[in-house]
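# A look at the structure
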Amino acid sequence: MNLYATYAYYISTYRGNLTEEEFEKAIIPATVHVQRITFGRADRNMELDEVRLATCAVCDLLANDEKARSQHSGRTVVSENTDGYSVTYESGRNGDTAEDLLTRKIYKAAELYLEPTGLLYAGVE
C-alpha cells in the first residue's frame, strides 16, 4: 500500500502538530479513508497536493479523536464544565453510532481539499 503523505510533508507543507509516533499510527487508516471516499482514484493521483493535504487532515482528525476518546472511555465530548463538573457527550441523531459520526467528520475534512479535483465524483467515468 502506498501512503499518500509522509511525516516530512505533514510537518513542512500541512504544518500539522502531531508527533511522528501519532502520525505513523494514523497515516494508514487516513490513507485508507481517502482511498475509499475517492473510489480508489487517489491511487492514480497521489502526486496531487490535494490528495496529500486531505490525507493529512484526516490523519489529524483520527489522531485527535483517539486522544479525546482515550480520556473519556471511548466517547466524544461535546462540552465540559468544571463548575460543579459536568460533561456532555456527543450522541448521534437517528441512532447514529460514534463511528458513523466520525465517518461523516472524516468525509467533511477530506472534502475541503478533494472537492475541486473531481476525485469525489461517484458517477461513471
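Up top you'll find the structure we're talking about.
A separate point is the overall build of the protein. For the protein, the helix and strand inventory stands at 4 helices and 2 strands. For the protein, the succession of helices and strands along the chain, N to C, is α-α-α-β-β-α. Counting over 125 residues, the protein shows a buried share of 34%. Expressed as a percentage of contacts within the protein between residues at least 6 apart in sequence, the contacts between residues at least 24 apart total 67%. Of the accessible surface of the protein, which amounts to about 7600 Å², a share of 50% is contributed by carbon and sulfur atoms.

When the charged atoms of two side chains lie near each other, side chains of opposite charge can form a pair. Using the criterion set out here, one finds 3 salt bridges in the structure. In this structure, the salt-bridge partner of Glu66 is Lys25, at a minimum N-O distance of 2.6 Å. Here Glu66 is found in helix H3 (residues 49-71), whereas its partner Lys25 is found in helix H2 (residues 20-37), with 41 residues between them in sequence. Relative accessible area serves as the criterion here: at 42%, Glu66 is assigned to the partly exposed category. On the basis of relative accessible area, Lys25 is assigned to the exposed category, the value being 55%.

Take the environment of Tyr7 next. One can find Tyr7 in helix H1 (residues 7-14). Spatially, the C-alpha atom of Tyr7 lies 9.1 Å from that of Cys56, the residues being 49 residues apart in sequence.

A few words now on the packing of H1 against H3. Closest axis-to-axis distance for the H1/H3 pair is 10 Å, and the angle between their directions is 95 degrees. It follows from the interaxial angle that H1 and H3 lie roughly perpendicular. Taken together, the residues of H3 that come into contact with H1 (itself represented by Tyr9, Tyr10, Thr13 and Tyr14) are Asp49, Arg52, Leu53, Cys56, Ala57 and Asp60.

Conventions and cut-offs
- Residues numbered from 1 in each chain as written.
- Predicted model: local features only at pLDDT ≥ 70, side-chain atom pairs only at ≥ 80, totals over all residues.
- Heavy atoms only, no water.
- Helix = DSSP H or I, 4+ residues; strand = E, 2+ residues; numbered from the N terminus.
- Buried < 20%, exposed > 50% of the residue type's maximum accessible area, 1.4 Å probe, protein only.
- Contact = heavy atoms within 4.5 Å.
- Areas by Shrake-Rupley, 256 points an atom, 1.4 Å probe, with all protein chains shown as cover.
- Salt bridge = Lys/Arg side-chain N within 4 Å of Asp/Glu carboxyl O.
- Axes fitted to C-alpha atoms, helices over the stretch in contact; angles between N-to-C directions.
- Parallel < 35°, antiparallel > 145°, perpendicular 65-115°, else oblique.

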